[in-house]
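# Structural description and commentary
The chain contents come next:
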Amino acid sequence: MFFTLEERPSDSSFVQAVWRNQSERPASFISTAGTHWEMVWMRYRGQSTLTLRGPETKATPADFPAEAEWLGITFKLGAFMPDFPPGGLLDRQDVNLPESTSKSFWLSGSTWEFPTYENAETFVDRLARAELLVRDPLVEDVLDEVPLDLSPRTLQYRFLRATGLTRKAVQQIQRAWQAARLLGQGYPILDTAYQLGYFDQSHLTNSLRHYMGQTPAQISQALQSE
C-alpha cells in the first residue's frame with residue numbers, strides 16, 4: 001500500500017467531494033481524465049502549497065513523493081473561480097497560490113487559512129461570499145437536457161467558461177468512467193460497449209486507453225487479480 005485515501009461527499013452546492021491522502025513511499029500511477037477541477041493543499045517536508053488543478057482530458061503518468069499529505073476539495077461542474085477559470089487550468093496547467101505562512105496563503109490580495117478536512121465547506125462558503133467562487137446553474141441544465149431559451153453559441157460559451165470543457169468532452173469522459181466501473185464490477189467487455197453506446201469493442205478500447213490509461217482487458221484483469 002503506497003498511500004491512504006479518505007473521501008467524503010458534501011452537501012454544499014459548490015462541492016462534489018472532500019478528500020485527504022497520505023503517502024508512505026514514492027510511487028508512480030496513472031492520472032486518469034476527469035471533468036472536475038480541484039483545490040489541493042499539499043504538505044511536504046515542512047512546506048505547504050495550495051494548488052488549483054484543472055480538469056484532465058486524457059490519462060497521463062504521474063508520481064508522488066514519500067511522507068507527504070494532501071487535502072483536496074473537488075468542485076461540482078458549473079462552480080468556478082472567475083479569476084482562475086477551469087479552462088486555464090486544463091491538463092496540468094496548475095496554479096500554485098503563494099504561501100503567506102505555514103497555515104495560510106495569498107488569494108486576491110488577502111490571506112486565507114488553509115482549509116481542513118472538517119471545515120472545507122465553511123472555507124468554500126467564505127470564497128463564495130467574497131465572490132471569488134461562483135456557480136453557473138446552466139451547466140447542470142445543459143447536462144440534464146433542460147430546454148433553454150438561449151442560442152447554441154451562448155450555451156457553448158457559458159458551459160466552456162464554467163467547466164473548461166465542451167459538453168461533448170464531458171460526456172465522453174463520463175462515459176469512459178461508467179465503462180470502467182462496469183468492467184470493474186465484472187461486466188463482459190462486449191456487453192459494456194453495447195450498453196454504453198460504443199460502436200464496437202475497438203471503440204471502447206480506444207476510449208479507455210485515452211481517458212483511463214488502460215484497455216478494457218487490463219481493467220478486467222485487475223479485477224480478477226484482486
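Before reading on, note that the structure itself is shown above.
Parameters at a glance
- Residues numbered from 1 in each chain as written.
- Predicted model: local features only at pLDDT ≥ 70, side-chain atom pairs only at ≥ 80, totals over all residues.
- Heavy atoms only, no water.
- Pairing = 2+ DSSP bridges.
- Helix = DSSP H or I, 4+ residues; strand = E, 2+ residues; numbered from the N terminus.
- Axes fitted to C-alpha atoms, helices over the stretch in contact; angles between N-to-C directions.
- Contact = heavy atoms within 4.5 Å.
- Patch = residues over 30% accessible without salt bridge, like charges linked within 9 Å, V, L, I, M, F, W, Y side chains within 5 Å.
- Areas by Shrake-Rupley, 256 points an atom, 1.4 Å probe, with all protein chains shown as cover.
- Salt bridge = Lys/Arg side-chain N within 4 Å of Asp/Glu carboxyl O.
- Phe/Tyr/Trp six-rings, centres within 6.5 Å; stacked < 30°, edge-to-face > 60°.
- Buried < 20%, exposed > 50% of the residue type's maximum accessible area, 1.4 Å probe, protein only.
- Lys NZ or Arg CZ within 6 Å of the ring centre and 35° of its normal.

### Quick look at the sheet that holds strand 11 (residues 104-107)
For sheets, the rule is that strands pair by backbone hydrogen bonds, running either parallel or antiparallel. A sheet is described by the order of its strands in space; here 3 strands give the open sequence 10-11-12, paired in antiparallel fashion. Taken across any chain shown, the strands that pair with only one partner, and hence form the sheet edges, are strand 10 (99-101) and strand 12 (110-113). The average angle at which neighbouring strand axes cross in this sheet is 40°, direction not considered. Against the sheet, helix 1 (residues 120-129) contacts strand 11 and strand 12, and its axis sits at roughly 160° relative to strand 12.

### A word on a nonpolar patch on the surface
Judged by side-chain polarity, Val146, Leu148 and Leu150 come together as a nonpolar surface patch covering roughly 200 Å² of accessible area. Along the polypeptide, valine 146 turns up in the loop between helix 2 (138-143) and helix 3 (152-163).

### Section: the packing of aromatic side chains
Each pair of aromatic rings is reported with the distance of its centres and the angle of its planes. The tally for this structure, following the rule as stated, stands at 7 aromatic pairs. Ring centres of phenylalanine 64 and tryptophan 70 lie 6.1 Å apart, and the angle between their planes is 80°; this geometry places the pair in the edge-to-face category. Assessed through its relative accessible area of 11%, tryptophan 70 is described here as buried. Among the aromatic residues, ring-to-ring pairing joins Trp41, Phe105, Trp112, Phe114 and Phe123 into one connected group. When the ring centre of tyrosine 117 is taken as reference, the NZ or CZ atom of arginine 8 above it lies at 5.2 Å. Positioned above the aromatic ring of tyrosine 117 is the side chain of arginine 20, whose terminal nitrogen or guanidinium carbon lies 3.9 Å from the ring centre.

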